[in-house]
Amino acid sequence: MFLKNPSIMHYFGKSDIGKKYDHNEDFFALPVSNPQIKITKQDIKSKGYLFVLCDGVGGLNAGEVASQMAATWILKDYYSNNTSSENPGENLRKAILNTNYRLYNLAQEHESYHGMGTTVVAALFFEGKVFVFSAGDSRLYNLQRDRLIQITEDQSEVWQLYKSGQLSKDELRFHPRNNIITVALGTEKDINLQSYVYDYQKNDLFLLCSDGLSDMVGDEDIKNILQKKRNIKKKVNLLIDEANKNGGKDNITAVLVEI
């Protein structure tokens, strides 16, 4: 059963510092009314549900700044854009490209932000489809019945080894260079942004996460947690607890969306 204009969506997001660092460079933004960035319930109703997750990179506090700015700017730009909703995917793409340009210029103008950047995974649910854009290694998964699908592909050194068959998915998680990404928002004027369009169905679950989760918890364990008879808040907490139990070597962020 494919849904058009779904009236019921449940979602919950959480970010955890993990066990290694003393600050959090992950940030996520949800489709909720926000007077500070001028998003209304009507904006969400007419333009769909947009979720954005970012994982910052860069020295000092630059990664933290980049992730917060990027997630906030993308959400604001998409909902405040007065263009037609007939092409929501293109509107979101432009919002992300505009954010990349603003981050890049900021990094050039301020020495303390030089080299900053952030991954991004953005998922827009609109009239039975999810429009997805990503850069870096933050991911979007879909659990549909008994099948867990990774929709996005990592833009990283080791992902190419996985695609060529030189590494298994589990070996990829433990490779010493698995944290080296090849694309990030804000690091270059032009960006190789990945895009996907995906149908969703009633009872689907979608998980946006940073590599602090996917590096610490394998796909099979993610699937097992998502299949538990728990509400989505409990499932997010279980995912983060599992990542910390397995080492918590990075900040851990998860946003779970239930159709």
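Given the structure is predicted, the values throughout are model-derived calculations rather than measurements.

**Student:** Honestly, the pattern of salt bridges in this entry has me stumped. Any pointers?
**Tutor:** Where charged atoms of side chains with opposite charge meet at close range, the side chains can pair. Following the criterion strictly, the structure yields nine salt bridges and no others. The partner of Asp219 in a salt bridge is Lys169, and the shortest N-O contact between them spans 2.7 Å. Of this pair, Asp219 sits in helix α7 (residues 219–226) while Lys169 sits in helix α5 (residues 169–174); the two residues are 50 residues apart in sequence, bridging distant segments of the chain.

**Student:** Please clarify how the packing of aromatic side chains should be interpreted in this entry.
**Tutor:** Given two aromatic rings, their pairing is described by the distance between the two centres and the angle made by the two planes. Per the stated rule, a full pass over the model turns up nine aromatic pairs. Among the aromatic side chains, those forming a connected cluster through ring pairs are Tyr11, Tyr49, Phe51, Phe125, Tyr198, Tyr200 and Phe206. The ring of Trp73 has Arg102 sitting right over it, with the charged end atom 3.8 Å from the ring centre.

**Student:** Honestly, the layout of surface pockets in this entry has me stumped. Any pointers?
**Tutor:** One simple way to see leftover space: roll a probe sized like a water molecule over the atoms. A volume near 620 Å³ is recorded for the largest pocket. For the lining of the largest pocket, the secondary structure elements donating two or more residues are β3 (49–57), α5 and α6 (211–214). Sorting elements by how many residues they give to the lining of the largest pocket places β3 first, with three residues.

**Student:** I'm lost on the pairing of β3 in this one. Help?
**Tutor:** A regular strand carries its side chains on alternate faces of the sheet. For β3, a buried count of eight out of nine residues is recorded, marking the element as mostly surrounded by other parts of the structure. Of the strand pairs in this sheet, strand β2 (residues 26–29) and β3 are connected by four bridges, and their pairing is antiparallel. Paired with Ala29 across the two strands is Val52, which belongs to β3. Examined bridge by bridge, β3 and strand β5 (residues 120–126) share five bridges and lie antiparallel to one another.

**Student:** Hey, could you run me through the environment of Ile191 in this one?
**Tutor:** Looking at the element boundaries, Ile191 is found in the loop between α5 and β9 (194–199). Looking at Ile191, the relative accessible area reads 17%, which means it is buried. In this structure, the C-alpha to C-alpha distance between Ile191 and Ile96, residues 95 residues apart in sequence, is 9.9 Å. Those residues in contact with Ile191, other than ones at most four positions away along the chain, are Leu97, Asn100, Ala135, Val183, Ala184 and Leu185.

**Student:** Is there a simple way to explain the pairing of β5 in this structure?
**Tutor:** Burial analysis of β5 places seven of its seven residues in the buried class, which makes it a mostly covered element. Going residue by residue along β5, you find Val120, Ala122, Leu124 and Phe126 tucked away on one face and Val121, Ala123 and Phe125 tucked away on the opposite face as well. Of the pairings in the sheet, the one linking β5 to strand β6 (residues 129–135) comprises seven bridges and is antiparallel in character. Paired with Val121 across the strands is Ser134, a residue of β6. Between the antiparallel neighbours β5 and β6 lie two residues, among them Glu127 with a positive phi of about 50°.

Rules used in this analysis
- Residues numbered from 1 in each chain as written.
- Predicted model: local features only at pLDDT ≥ 70, side-chain atom pairs only at ≥ 80, totals over all residues.
- Heavy atoms only, no water.
- Salt bridge = Lys/Arg side-chain N within 4 Å of Asp/Glu carboxyl O.
- Helix = DSSP H or I, 4+ residues; strand = E, 2+ residues; numbered from the N terminus.
- Phe/Tyr/Trp six-rings, centres within 6.5 Å; stacked < 30°, edge-to-face > 60°.
- Lys NZ or Arg CZ within 6 Å of the ring centre and 35° of its normal.
- 1 Å grid on protein atoms, 1.4 Å probe; cavity = no way out; pocket = protein on both sides within 12 Å on 5 of 7 lines; lining within 4 Å.
- Points joined across faces, edges and corners; volume = space filled by probe spheres on them.
- Buried < 20%, exposed > 50% of the residue type's maximum accessible area, 1.4 Å probe, protein only.
- Pairing = 2+ DSSP bridges.
- Contact = heavy atoms within 4.5 Å.

In short, geometric facts, not functional conclusions.
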